[in-house]
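The chain contents come next:
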Amino acid sequence: MKAANLTRRPWFVARLLGAPGAVAGAVVIVVILGLAVLAPYLAPYDWNANSQCRRLAPMTAEHWFGCDLFGRDIFSRVIYGARFSLAMGLSTVAISLLFGSLLGIVIAYAGGWVDRIGARVIDAMLCFPSIILAILIVAVLGVGLLNAALAVGISGIPRFARITRAAALPLVARDFVEAARAVGAGHGRIVLRHLLPNLAPILIVIATLDLGGAVLFTATLSFLGLGAQPPTPEWGAMLNAGREYVRYAPWTMIFPGLALFLTVMAVNLVGDRLSLILDPRQRDRS
Amino acid sequence: MSIRAILGRLISVIPTLLITWTFVFGAMRLVPGDPVLLMLQGTPISDEAMEAARAKLGVDRPIVVQYVSFLANAARGDFGDSFRSRQPVTQLIAAEFPFTLQLALGGFVVGLLLGATLGIVAGVWPNGWIDTVCMTTALAGLSLPSFWIGMLLIQVFATGLGWVPVLGTGFDALILPSISLGLFLAGGLARLTRNAIIEVMGQDYIRTARAKGLTAWRVVGKHAMRNAVIPPLTLLGIQFALLIGGAVVTETVFARPGIGRLLVLAVLEKDFPVVQGVVVLTTTAYVLINVVIDIAYGIIDPRVQG
């Protein structure tokens, strides 16, 4: 496919960074990744050590983002939080992408009644508002960070499956699939070696567009108390913990929220640009 | 849209609901632990009472019987009693629903006003700095954690300036939650509206209107707008899903009553009948709303054929 070749051209990166927004986004992502990896070296205090400072103490030269209810340094906790945000976002998107795309390709390739029933089930599953579906899955699996990530990942499967199926249907009818079958390729080989590579550009686009939402979504579950539990320095959980004291110590919620917003915005800026380059038809997103 | 097409569309609701309800039923059976023990939540009772409770919940019957009776009860809107309050789930939901509806309407109005304005401005002057500013703002709306913006709003306008009450269920207490929820919606709507406007502005009748010498405002206001609002409005159904999802978060932040708050508390308290009831009812409402919208468009716009 034409779009696939674009990724191999040297000007791909130049085009990706051709918009100021995407550059800013890329810079923020690099910073967040740096914070995540180098957290033990960058954080001035232990993220889980109580009484580093007075409870709910405001911002000072020693404690840039102030202190939380247990006298923990918020700046250090926000730095450690970077580890959760992108890791959770990437792993949830990986789950949705892996299972969703395979499901989509397989039912499109199988065709006939498998495709008809499969498409019907996917459409029905899309009738669950995604946050409601994720909460239902958390209710079954139990509260916790990994379960929340799993729930967000699973709730994305129907979305990925539908897009992949729609993109795979016209491919299945193409000559190269027939040719592969004629030379004796098995079903697994056709799906993985012939169909999947052709769908790669669109899969990359939807995965990138989904990443920002996935980061936000996982943090939202933590905020609701269904994901990361205290004392985990996850941004959503930090906001939840600070909820009761916002009035006396607004810094307990301003900085974790700002970090979350900047991360999601950065990922969305880059994702938007990427989708514009890889597939102009994907420009709008509901 | 013919009567036949309308009927066909209505009948297609049945398999969809069957699949979603089956999924909820299956998910609830996967919950580890004895449902009776979950219901009792630690209170010790005699073996006979256990058996009685088991019979009352119906969990002593074969799974197929349980499944059929679940479907029959769901169709009647009966989801059993809450493990916590012992009240019928349907009654609990009915009591909370008006608050969520108010919030959803408020959020929708804010989202529509803000999203449509941004989208129209960007779409009328595309690809320039105005477009960039509007679309970056829209992207920021999509990236803002709504619980964070909600807390900031409370901090500034309720606690700080004292313009609106922090808590309550009156109209003035609805303003901040509506803004918080609306921002969440506005980003997506702005993007949709922009693209719809750009598409419409390229049509022949717009060129004709321009050639007639109509002012820019008249061209946009009378000719472009009418046609451009249709694509974003067809996505009203999706907006409903976003509103319900957003309400879960907004109600928690603002400590407002509502079905979103009911759902989150039920999950935390392992009150499974309530979880089941809220999930089934919101999903069913979503399916039905979408069918109604579909049919309405089929009647309004004869080009749409289901």
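All values reported here derive from a predicted model rather than from experimental measurement. By convention here, each chain's residues receive numbers from 1 onward along its written sequence. For naming, the first written chain is A and the first written ligand is 1, with later ones following in the order written. Residue-level local features of this predicted model are given only where pLDDT is at least 70; pairs of side-chain atoms are given and counted only at 80 or more, and the full residue set underlies all totals for whole chains, interfaces and linings. As a rule here, side-chain values cover all heavy atoms of the structure and leave hydrogens and water aside.

So what's going on with the overall build of chain B? Which residues, and what values?
A count of helical and extended segments in chain B gives 15 helices and 0 strands. Each principal axis of the C-alpha distribution contributes one length, and for chain B these read about 85 × 60 × 30 Å. Counting only residues that meet the buried cut, chain B has 47% of its 306 residues in that class. Expressed as a percentage of contacts within chain B between residues at least 6 apart in sequence, the contacts between residues at least 24 apart total 71%. Helix and strand assignments come from DSSP, with helices taken as H or I runs of at least 4 residues and strands as E runs of at least 2, each series counted from the N terminus. Note on classification: 1.4 Å probe, protein chains only; a residue is buried when its accessible area is under 20% of the maximum for its type, exposed when over 50%, partly exposed between these limits. The criterion used for residue contact is that any of the two residues' heavy atoms lie within 4.5 Å.

A description of the packing of helix α6 (residues 89-124) of chain B against helix α13 (residues 236-253) of chain B should follow, citing residues and the corresponding values.
Residues and elements named next belong to chain B. An axis is simply a line fitted to the C-alpha atoms; with a helix, the fit covers only the stretch in contact. Between two such axes, the angle follows the N-to-C directions and lies from 0 to 180 degrees. Look at α6 against α13: their axes get within 9 Å of each other, and the N-to-C directions meet at 115°. For α6 against α13, the interelement crossing comes out right-handed. For the pair α6 and α13, contact is made by Thr100, Leu103, Ala104, Gly107 and Phe108 and by Leu236, Gln239, Leu243, Ile244, Ala247, Thr250 and Glu251, respectively. All amino acids are sorted into three groups, where Ala, Val, Leu, Ile, Met, Phe, Trp, Tyr, Cys and Pro are nonpolar, Asp, Glu, Lys and Arg are charged, and the leftover types, Gly among them, are polar. Counted by class, the contact of α6 with α13 contains 7 nonpolar, 4 polar and 1 charged residues. Two helices crossing with the near one rotated counterclockwise from the far one by less than a right angle form a left-handed crossing, whereas a clockwise rotation gives a right-handed crossing.

Explain the interface of chain B and chain A residue by residue, including any values.
Each partner contributes residues to the interface: chain B has 48 residues there, and chain A has 44 residues. Interface of chain B and chain A: buried area, both sides summed, is about 4,200 Å²; carbon and sulfur atoms make up 79% of it. In this description, buried area is defined as the sum, over both parts, of the accessible area (probe of 1.4 Å) that is lost when the two are combined. For chain B, the biggest contributors to the area lost against chain A are Phe147, Trp148 and Met151 of chain B; these three give 16% of the whole. In the sections that follow, a salt bridge refers to a side-chain nitrogen of Lys or Arg positioned within 4 Å of a carboxyl oxygen of Asp or Glu. Counting across the interface, chain B meets chain A through 1 salt bridge. The salt bridge involving Arg191 of chain B is made with Asp272 of chain A; its shortest N-O contact spans 3.0 Å. Under this definition, polar contacts are N or O atom pairs within 3.5 Å; protein pairs additionally need one hydrogen-donor-capable and one acceptor-capable atom, and for neighbouring residues in sequence, both atoms have to be side-chain atoms. Where chain B touches chain A, the interface holds 5 residue pairs in polar contact (both at pLDDT 80 or more). Contributions of two or more residues to the side of chain B that touches chain A are made by α2 (13-29), α7 (129-143), α8 (146-160), α9 (175-201), α13, α14 (259-268) and α15 (272-300) of chain B. For the side of chain B that touches chain A, the element with the highest residue contribution is α2 of chain B, accounting for 8 residues.

Please set out the environment of Asn268 of chain A residue by residue, giving values where relevant.
All names here are of chain A. In this structure, Asn268 sits in helix α11 (residues 251-278). Note on Asn268: relative accessible area 4%, which makes it buried. Distance from Asn268 to Gly34, taken between C-alpha atoms, is 19 Å for residues 234 residues apart in sequence.

Break down a positive patch on the surface for me, citing the residues and quoting the values.
Residues and elements named next belong to chain B. A cluster of basic side chains, namely Lys212, Arg218, Lys222 and Arg226, defines a positive patch on the protein surface. Turning to its location among the elements, Arg218 is positioned in helix α11 (residues 216-228). Using a relative accessible area of 43% as the deciding quantity, one classes Arg218 as partly exposed. Like charges are joined within 9 Å and nonpolar side chains (Val, Leu, Ile, Met, Phe, Trp, Tyr) within 5 Å, but only among residues with over 30% relative accessible area and no salt bridge; these make up the patches. Computed with the Shrake-Rupley method and a 1.4 Å probe, the accessible areas treat only the protein chains shown as cover for residues. None of His or the chain ends enter the tally, which takes Lys and Arg as positive and Asp and Glu as negative. One atom stands in for each charge, and that atom is NZ of Lys, CZ of Arg, CG of Asp or CD of Glu.

I'd like a rundown of the nonpolar core, residues and numbers included.
The criterion is simple. A nonpolar core is a set of buried Ala, Val, Leu, Ile, Met, Phe, Trp, Tyr and Cys residues joined through side-chain atoms within 4.5 Å. Counting residues in hydrophobic clusters, the biggest one holds 132 residues, and the most contacted among them are Ile135, Leu195 and Leu221 of chain A together with Val275 of chain B. Here the element with the most residues in this core is helix α9 (residues 187-223) of chain A; it accounts for 16 residues. Setting aside residues up to four positions removed in sequence, Leu221 of chain A forms contacts with Ala134, Ile135, Val138, Ala148, Val152, Leu226 and Gly227 of chain A. Judged by nonpolar contacts, the second largest core, of 11 residues, contains Ile120, Ala196, Ala209 and Val220 of chain B.

So what's going on with the side chain of Ser222 of chain A? Residues and values would help.
Residue and element names in this part refer to chain A. Position of Ser222 among the secondary structure elements: in helix α9. Classification of Ser222 by relative accessible area gives buried; the value is 1%. Within the local environment of Ser222, its side chain forms a polar contact with the side chain of Glu234, the two groups lying 3.3 Å apart.

How would you explain the packing of α13 of chain B against α14 of chain B if you had to name every residue and give the values?
The description of two helices packed together rests on the angle between their axes and the distance between the axes. Residues and elements named next belong to chain B. Following both chains from N to C, one finds α13 and α14 inclined at 80°, their axes separated by 7 Å at the closest point. With respect to α14, the element α13 is oriented roughly perpendicular. Facing α13, whose interface residues are Val248, Glu251 and Thr252, α14 presents Ile259, Gly260, Arg261 and Val264. Any angle from 65 to 115 degrees is called roughly perpendicular, while one under 35 is roughly parallel, one over 145 is roughly antiparallel, and all others are oblique.

Report on the confidence of the model for chain A, specifying residues and quantitative values.
For chain A, mean pLDDT is 85; residues scoring 70 or higher make up 93% of the total. Here pLDDT means the predictor's own confidence in every residue, given as a number from 0 to 100. In this model residues 282-286 of chain A is a low-confidence stretch, pLDDT under 50, and it forms 15 contacts with partners more than four residues away in sequence or in other chains.

Describe in detail the pattern of salt bridges, supporting the description with residues and values.
Residues and elements named next belong to chain B. For the structure shown, the criterion picks out 7 salt bridges over all chains. Here Arg9 and Asp294 are joined by a salt bridge, their closest N and O atoms 2.7 Å apart. Placement of the pair is Arg9 in helix α1 (residues 3-11) and Asp294 in helix α15, with a sequence separation of 285 residues. You can call Arg9 partly exposed: its relative accessible area is 24%.

Please provide a residue-by-residue account of the environment of Leu174 of chain B, values included.
Residues and elements named next belong to chain B. Positionally, Leu174 belongs in the loop between α8 and α9. Given a relative accessible area of 11%, Leu174 falls into the buried group. C-alpha separation for the pair Leu174 and Pro126, spaced 48 residues apart in sequence, amounts to 35 Å. The residues contacting Leu174, other than those within four sequence positions of it, are Gln102, Leu103 and Arg256.

Tell me about a nonpolar patch on the surface, and please be specific about residues and values.
Residues Val13, Leu17, Val23, Val27 and Val31 of chain A make up a contiguous nonpolar surface patch of roughly 380 Å² in combined accessible area. Of note, Val23 of chain A is situated in helix α3 (residues 20-42).

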